[in-house]
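Chain and residue survey
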Amino acid sequence: MNQQQQQPLTNITKFHEKDVLCGRGVHARNHPGNRYFVSLVKDLRGECMNADRNDKRRYAETIVSIIRSQDPPGRFLKRNSQKESAVAAAAARHRHCGAFGGPDEDYEIWDDIGDNTSC
C-alpha cells in the first residue's frame, strides 16, 4: 500500500506542509505547499504560455503529478464549510451541556478535490 492510499482524502482536520490549500488569503498564501506549487507554476510559465490547449493540460497534469509524488504525497485541499458548521454546532451543543470545557476550538475540515479538478 503506497502512502497516497494511507492518507485520508476527506474529513481532513490536519494538513501537512506538502498539501496545497485551495482558497485565498494569508492562510493559503503562506502555506509551504502553496509556495512550492507557485514556484512550479512560475518555472513552467514560459513554456506553457506558447503551448496549445492539449500541451497546457499536460503541464497542469505534470504539476499535479509532482505535488502528489512527494513524500508524504501532497493533496489539493478545499475547506468543507458544510461539515465544519455541523461539527461546530454539535460541539457547541456539547459545551452548552457541560460536556466540553475550555476555549472554543477551530473546526476546519478539508477534502481533497481530486486530480481532474486539480488540473
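A brief report on the enclosed structure follows. (Residues numbered from 1 in each chain as written. Predicted model: local features only at pLDDT ≥ 70, side-chain atom pairs only at ≥ 80, totals over all residues. Heavy atoms only, no water.)

Details of the packing of aromatic side chains
Put simply, the test is: Stacked, edge-to-face and tilted are the three classes for Phe, Tyr and Trp ring pairs, Trp counted by its six-membered ring, which pair at centre distances within 6.5 Å; planes under 30 degrees apart are stacked, over 60 edge-to-face, the rest tilted. Secondary structure elements are defined from DSSP: runs of H or I of at least 4 residues count as helices, runs of E of at least 2 residues count as strands, and each element is numbered from the N terminus. Exposed residues in this analysis have more than 50% of their type's maximum accessible area, buried residues have under 20%, and partly exposed residues fall in between, with area computed by a 1.4 Å probe over protein chains only.
Under the counting rule described, the total for this entry stands at one aromatic pair. Measuring from ring centre to ring centre gives 6.0 Å for F37 and F76, while their planes differ by 85°; the resulting arrangement is edge-to-face. A residue pair is termed long-range when its members are at least 10 positions apart, and F37 in helix α3 (residues 32-49) and F76 in strand β2 (residues 76-79) qualify at 39 residues. Residue F76 is classed as buried on the basis of its relative accessible area, which comes to 4%.

Observations concerning the environment of L21
Heads up, the rule is: Two residues form a contact once any of their heavy atoms are found within 4.5 Å.
If you trace the backbone, L21 turns up in strand β1 (residues 20-21). Considered as a pair, L21 and K78 are 57 residues apart in the sequence and their alpha carbons are 6.3 Å apart. In this structure L21 touches F15, H27, A28, H31, N34, L77 and W110, once residues within four positions along its chain are discounted.

Brief notes about unusual backbone geometry
Across the junction of D71 and P72, the peptide omega takes the value 0°, indicating a cis bond. Among the structural elements, P72 can be located in the loop between α4 (53-68) and β2.

Section: the sheet that holds strand β3 (residues 110-112)
Rules: Criterion used throughout: strands pair if DSSP finds at least two bridges between them.
Judged by pairing direction, the sheet is mixed, and its three strands sit side by side in the order β1-β2-β3 without closing on themselves. Two strands bound the open sheet, and with one partner strand each, they are β1 and β3. Across two bridges, the pairing between β1 and β2 is parallel. Residue pairing across strands places L21 opposite L77, the latter belonging to β2.

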